[in-house]
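Geometric and topological summary
The chain contents come next:
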There are 2 protein chains.
Amino acid sequence: MNLSIAEENYIKSIYKLQEGDEVVTTNALAYELDTKPASVTDMAKKLNAKKLIDYEKYKGITLSAEGKKAALQIVRRHRLWECFLVDKLAFSWEEIHELAEELEHVRSEKLTNRLSEYLGNPVIDPHGDPIPDAHGKMAKPRPQTSLDQANAKRLVVTAVTDQSTALLAFLNAKGIKLGTQLEIVAHYEYDNSIEIKLKQLPALTISEQVAKNIMVRPV
Amino acid sequence: MNLSIAEENYIKSIYKLQEGDEVVTTNALAYELDTKPASVTDMAKKLNAKKLIDYEKYKGITLSAEGKKAALQIVRRHRLWECFLVDKLAFSWEEIHELAEELEHVRSEKLTNRLSEYLGNPVIDPHGDPIPDAHGKMAKPRPQTSLDQANAKRLVVTAVTDQSTALLAFLNAKGIKLGTQLEIVAHYEYDNSIEIKLKQLPALTISEQVAKNIMVRPV
DNA sequence: TTAATTATTTAGATTTGTCTAAATAATATT
DNA sequence: AATATTATTTAGACAAATCTAAATAATTAA
């Protein structure tokens, strides 16, 4: 099955949104891919015809077995390139995502496997996400939530979902990066803000909007 | 200037065909890119409008200064990835070209420069071709000719221009690879064949057609 | 120099992936 | 249950990159 770059991006996003095995809605996918719902409908028909997804009008989208296999290959390539960029080229966490977005579309299995070997067959990427092996097998994803929905007090930052330079610069200024440990001091419903404390720093307040884009897991 | 992958491939091929500063014809470019002359005319208009080439109806194509700069960046990326594939991932010479064709389109300058640094800022690629530096400067290309036009007797194989699996398998079977040294025993005009001798092997005969695709330099 | 050949361009169509605007279905509200 | 709202799909258009077939320009041969 030969997939275009656009098709690969759809498959990857559907995989990401599926999470358990939930049905993915047209609107959610359009938002994720930064495109319009009408475009998603068009592509859904095409991927359904190729048997990569199960799709029925108004019933949403799920990946077929074959679609899942394709998704895991793409995710494997993405995460291996992220390892390469951090381990070998000394890139920092906020720079690697968009580069890996491009590198992941080089579809050679031989290249992917050689790269994996070269990196020492890593099983987690720099964000802490598991890397599928050549057969698509991978460890259980770590229990991540966004910071605004975390219920544990002591947390560690594992990723940011929004890669905009504005957000990244903001986080940088606040001293928040991948692996940063923090505690939730208070969550104010009143003005949708969250007060957090980083080690050896005074407490600081961020909006729920920002917190939504910060992925964390209990530590 | 943001170039599409198609545009980059045109720029690269024009650069390759220009050699000195010769005008590139529509047909030659179509053949090089494995496309149709009509498509080349279409793209020529576009690249001319973007001021990357100088093009006038029926007068052929040359790269503008800006086009040359763009070409050198693409060539730089291509050759650096070829180094990476051979030096770090242990690929062999006949496998790297088509992978580098894809990797070269990841346009990040930071990635390119980090990669170069990681590889020890190499100045020639695995085929012996010079690698432009970050400013587009590079060493003079080695004096390569195709095997059928070589006048020296003792030669070393530096590249093959046709990357078809058929040719590569053929060369492999004959024991010819990158760096192989050979002598021209005879050149028969009569049946357009060339008799060559590899070290420690009996002489063998190949057609001019094949020889056209084998690049060599005197040793 | 006229005719034949070859090279190049134009015109119009096709594919992929996208869009807007309008229509329809599903869901929520009163 | 009827109405309003939201989600999704359809219809028709567009841009990029390509193609075929026909027209035109340039070159070569007679």
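Values in this document were obtained by computation on a predicted structure and should not be read as measured data.

Calculation rules
Residues numbered from 1 in each chain as written. Chains lettered and ligands numbered in written order. Predicted model: local features only at pLDDT ≥ 70, side-chain atom pairs only at ≥ 80, totals over all residues. Heavy atoms only, no water. Helix = DSSP H or I, 4+ residues; strand = E, 2+ residues; numbered from the N terminus. Rg over C-alpha atoms; globule rule 2.2 N^0.38 Å. Buried < 20%, exposed > 50% of the residue type's maximum accessible area, 1.4 Å probe, protein only. Contact = heavy atoms within 4.5 Å. Areas by Shrake-Rupley, 256 points an atom, 1.4 Å probe, with all protein chains shown as cover. Lys, Arg positive; Asp, Glu negative; His and termini not counted. Charge placed at Lys NZ, Arg CZ, Asp CG, Glu CD. Near = heavy atom within 4 Å. Polar contact = N/O pair within 3.5 Å; in protein donor to acceptor, adjacent residues only side chain to side chain. Nonpolar A, V, L, I, M, F, W, Y, C, P; charged D, E, K, R; others polar. Salt bridge = Lys/Arg side-chain N within 4 Å of Asp/Glu carboxyl O. Buried area = accessible area lost by both parts, 1.4 Å probe. Pairing = 2+ DSSP bridges. UniProt positions renumbered as here; feature names shortened; annotations may be inferred. Domains from an automatic or database assignment. Arc of directions from axis to C-beta. Phe/Tyr/Trp six-rings, centres within 6.5 Å; stacked < 30°, edge-to-face > 60°.

**Digging into the overall build of chain A**
Along its length, chain A carries eight helices and eight strands. For 219 residues, the compact-globule estimate of 2.2 N^0.38 gives 17 Å, and chain A sits close to it at 19 Å. Seen along its three principal axes, the alpha-carbon backbone of chain A occupies a region of about 55 × 45 × 30 Å. In chain A, which comprises 219 residues, the proportion classed as buried is 44%. Long-range pairs, those at least 24 residues apart, make up 59% of the contacts in chain A between residues at least 6 apart in sequence. Total accessible area computed for chain A in this model is approximately 11,900 Å², and 51% of it derives from carbon and sulfur atoms. Across chain A, the centroid of the 29 positively charged side chains sits 4 Å from that of the 31 negatively charged ones.

**A word on the protein's contact with DNA strand D**
Of all residues adjacent to DNA strand D, which total 20 residues, the nearest are A:Y55, A:K57, B:S4, B:T35 and B:K46. Taken together, the sugar and phosphate atoms account for 77% of what DNA strand D places within 4 Å of the protein. Between DNA strand D and the protein, one listed contact pairs a sugar or linking oxygen with a side-chain N or O atom of B:Y58 at 3.4 Å. Within the residue set of the surface near DNA strand D, elements represented by two or more residues are helix 2 (26-32) and helix 3 (37-49) of chain A together with helix 1 (5-18) and helix 3 (37-49) of chain B. A per-class count over the surface near DNA strand D returns eight nonpolar, seven polar and five charged.

**Here's the deal with the pattern of salt bridges**
The final tally for this structure, using the stated rule, is 21 salt bridges over all chains. Measuring nitrogen to oxygen at the nearest pair gives 3.2 Å for the salt bridge that ties B:K16 to B:E32. Taken together, the residues span a long stretch of sequence, with B:K16 in helix 1 and B:E32 in helix 2 (residues 26-32) at a distance of 16 residues. Between B:D21 and B:K68 there is a salt bridge, with its nearest N and O atoms 3.4 Å apart. Placement of B:D21 in the loop between helix 1 and helix 2 and of B:K68 in helix 4 (residues 65-87) is noted, with a sequence separation of 47 residues between them. Here the salt bridges do not stand alone but share partners, grouping A:E7, A:K46 and A:K50 into one network.

**Overview of the interface of chain A and chain B**
Every contact between the two is made by 20 residues of chain A and, on the other side, 20 residues of chain B. Summed over both partners, the interface of chain A with chain B comes to about 1,700 Å²; 69% of that surface belongs to carbon and sulfur atoms. Looking only at chain A, the three residues that lose the most surface to chain B are A:L89, A:R114 and A:Y118, adding up to 29% of its buried area. Applying the counting rule to chain A against chain B returns two salt bridges. Note that A:K110 is salt-bridged to B:E95, the shortest N-O span being 2.4 Å. On the surface where chain A and chain B come into contact, there are seven residue pairs in polar contact (both at pLDDT 80 or more).

**Examining the sheet that holds strand 7 (residues 204-207) of chain B**
All names here are of chain B. Sheet architecture is open: six strands sit in the order 3-8-4-5-6-7, paired in antiparallel fashion. Of all the strands in the sheet, just strand 3 (145-146) and strand 7 have a single pairing partner and so form its edges. Relative to strand 7, strand 6 (residues 193-198) runs antiparallel, the two being bridged by four bridges. Note on strand 7: the bridge partner recorded for S193 is S207.

**Details of the UniProt feature "domain: HTH dtxR-type" (unreviewed entry) in chain A**
The UniProt record annotates "domain: HTH dtxR-type" (unreviewed entry) at residues 1-64 of chain A. Helix makes up 53% of residues 1-64 of chain A and strand 9%, and the two end C-alpha atoms of the span are 14 Å apart.

**Observations concerning the protein's contact with DNA strand C**
Around DNA strand C sit 20 residues, and of these A:S4, A:T35, A:K46, B:Y55 and B:K57 come closest. Of all DNA strand C atoms lying within 4 Å of any protein atom, the proportion belonging to sugar or phosphate reaches 79%. Here A:D42 contributes a side-chain N or O atom positioned 3.2 Å from a base nitrogen of DNA strand C. Between DNA strand C and A:Y58, the relevant distance is 3.4 Å, taken from a sugar or linking oxygen to a side-chain nitrogen or oxygen of the residue. Those elements giving two or more residues to the surface near DNA strand C turn out to be helix 1 (5-18) and helix 3 of chain A together with helix 2 and helix 3 of chain B. Of the residues in the surface near DNA strand C, the class split is eight nonpolar, seven polar and five charged.

**Topic: the domain arrangement of chain A**
By domain assignment, chain A separates into domain 1 (5-63) and domain 2 (145-218). Averaged C-alpha coordinates put domain 1 of chain A and domain 2 of chain A at centres separated by 30 Å.

**A word on the sheet that holds strand 3 (residues 145-146) of chain A**
Residue and element names in this part refer to chain A. Spatial ordering of the open sheet is given by 3-8-4-5-6-7, a layout of six strands whose pairing is antiparallel. Only two strands of the sheet have a single neighbouring strand rather than two, namely strand 3 and strand 7 (204-207). Examined bridge by bridge, strand 5 (residues 181-188) and strand 6 (residues 193-198) share six bridges and lie antiparallel to one another. Within strand 6, the residue paired with I184 across the bridge is I196.

**What about helix 5 (residues 93-103) of chain A?**
Buried within helix 5 of chain A are the following residues: A:W93, A:E95, A:I96, A:L99, A:A100 and A:L103. Down the axis of helix 5 of chain A, the buried side of the element spans an arc of 130°, and every buried residue falls inside it. Against the buried residues of helix 5 of chain A lie helix 4 (65-87) and strand 4 (154-160) of chain A together with helix 4, helix 5 (93-103) and helix 6 (109-118) of chain B.

**With respect to the packing of aromatic side chains**
Counted under the stated rule, the structure contains six aromatic pairs over all chains. Between the aromatic rings of A:F84 and B:Y118, the centroid separation amounts to 6.3 Å while the plane-to-plane angle is 80°, which identifies the pairing as edge-to-face. With A:F84 in helix 4 and B:Y118 in helix 6, this residue pair bridges two chains. Taking relative accessible area as the criterion, A:F84 reaches 0% and is therefore assigned buried.

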